[in-house]
Amino acid sequence: SSGDNASSKPDAEIEVGIVPHTIHAFVGADGGYQINSLRRFITENPFMAHTMDSLLITNTNHYYGGIKGNIQGVSYNLQGGFRQQDDLPIFQIQAPIDPLEDHFLLYEPVFDDATNFYGELAVSMPLLPNLNLYSLIRYDHYEMDELPEAYYIPSTKVQIGGKYSMMEGRINLGADFNFLTAVKYPENEYAKPNAVFDINLNGEYLFTENFGAFVQFNNLADSRYIRWQDYEGLGLNVLAGISVRFK
């Protein structure tokens with residue numbers, strides 16, 4: 001970044017062992033700059049307009065604290081904090097050039113300053129020697145400077161999954177469940193967003209250390225959720241291919 005928004009960033013963390021290896025308390029601060037790009041936006045929202053005035057750099061200062069540790073093989077990390085974010089991109093529906101003509105609903109970023117308060121719990125548990133279970137629960141609350149709400153950003157995220165490997169890591173299987181609360185959106189006549197409910201399975205077989213094949217079964221519940229207004233999510237779908245690793 002450059003100009004008036006350039007500043008030094010904190011990068012520090014203090015950790016204290018309350019109960020050795022079991023409960024550690026920590027506090028910290030960090031920050032950075034996020035270079036926004038059309039590619040990054042399309043990865044999150046594929047229904048982006050390809051024309052926009054400018055892409056600003058998001059300036060973030062992050063302060064956090066919490067506890068973490070390991071209890072009888074179960075690793076956990078419980079933390080909360082807040083982020084001060086200048087020029088945070090928030091998706092908005094782009095006004096059509098001619099409302100009387102047929103058009104697709106497209107989105108564009110609007111940049112606003114925000115304060116993000118959050119809480120997060122991550123847990124990982126090895127159930128068997130080659131089977132690991134994990135879960136993540138996160139809550140976010142945004143206070144915007146000018147916009148009424150942080151539109152199209154889920155407030156609650158839940159992820160539960162597991163990974164299992166066989167034949168010395170040549171066969172890898174996975175399953176995960178994902179839940180996102182319905183997002184807030186501007187009042188309009190378009191289809192209302194609803195909660196995301198997703199169950200997925202995946203598998204990979206490595207023929208060699210660097211070459212393999214994979215298959216993914218996505219949205220097994222065939223949930224027709226709407227994250228982006230007027231666009232229904234894919235139902236049950238399958239993706240397969242080859243994987244190549246370079247070292």
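This write-up is about the structure you can find in this document. Worth saying up front: this structure is predicted, and the values here are computed from it rather than measured. (Residues numbered from 1 in each chain as written. Predicted model: local features only at pLDDT ≥ 70, side-chain atom pairs only at ≥ 80, totals over all residues. Heavy atoms only, no water.)

For the rest of this paragraph, the subject is the sheet that holds strand β1 (residues 12-19). The strand order β1-β2-β3-β4-β5-β6-β7-β8-β9-β10-β11 describes an open sheet built from 11 strands, whose pairing is antiparallel. The outermost strands of the open sheet, each flanked by one partner alone, are β1 and β11 (237-244). Adjacent strand axes in the sheet meet at a mean angle of 20°, parallel and antiparallel pairs treated alike. Looking at chain direction, strand β5 (residues 107-128) and strand β6 (residues 131-144) are connected through 14 bridges and run antiparallel. The partner of Tyr118 across the bridge, within β6, is Asp140. (Pairing = 2+ DSSP bridges. Helix = DSSP H or I, 4+ residues; strand = E, 2+ residues; numbered from the N terminus. Axes fitted to C-alpha atoms, helices over the stretch in contact; angles between N-to-C directions.)

Looking now at a nonpolar patch on the surface. There is a patch of nonpolar side chains on the surface, built from Leu201, Phe217, Leu220, Leu236 and Val238 and spanning about 420 Å² of accessible area. In this fold, Phe217 is placed in strand β10 (residues 211-218). On the basis of relative accessibility, which here comes to 35%, the residue Phe217 falls in the partly exposed class. (Patch = residues over 30% accessible without salt bridge, like charges linked within 9 Å, V, L, I, M, F, W, Y side chains within 5 Å. Areas by Shrake-Rupley, 256 points an atom, 1.4 Å probe, with all protein chains shown as cover. Salt bridge = Lys/Arg side-chain N within 4 Å of Asp/Glu carboxyl O. Buried < 20%, exposed > 50% of the residue type's maximum accessible area, 1.4 Å probe, protein only.)

Quick look at the layout of surface pockets now. In this approach, a probe sized like a water molecule rolls over the atoms, and the result shows the empty space that is left. The space that makes up the largest pocket amounts to roughly 690 Å³. As for the largest pocket, its lining consists of 29 residues, and the residues nearest its centre are Glu44, Asp140, Tyr142, Ile153 and Pro154. Secondary-structure elements contributing two or more residues to the lining of the largest pocket are β2 (23-35), α1 (38-44), β3 (57-71), β4 (74-93), β6 and β7 (156-166). Of the residues forming the lining of the largest pocket, the biggest block, six residues, is contributed by β4. Across the lining of the largest pocket, the residue classes tally to 13 nonpolar, nine polar and seven charged. In this structure, the second largest pocket occupies an estimated 230 Å³ of space. At three residues, α1 tops the list of elements feeding residues into the lining of the second largest pocket. Here the residues of the lining of the second largest pocket are counted per class, giving eight nonpolar, two polar and three charged. (1 Å grid on protein atoms, 1.4 Å probe; cavity = no way out; pocket = protein on both sides within 12 Å on 5 of 7 lines; lining within 4 Å. Points joined across faces, edges and corners; volume = space filled by probe spheres on them. Nonpolar A, V, L, I, M, F, W, Y, C, P; charged D, E, K, R; others polar.)

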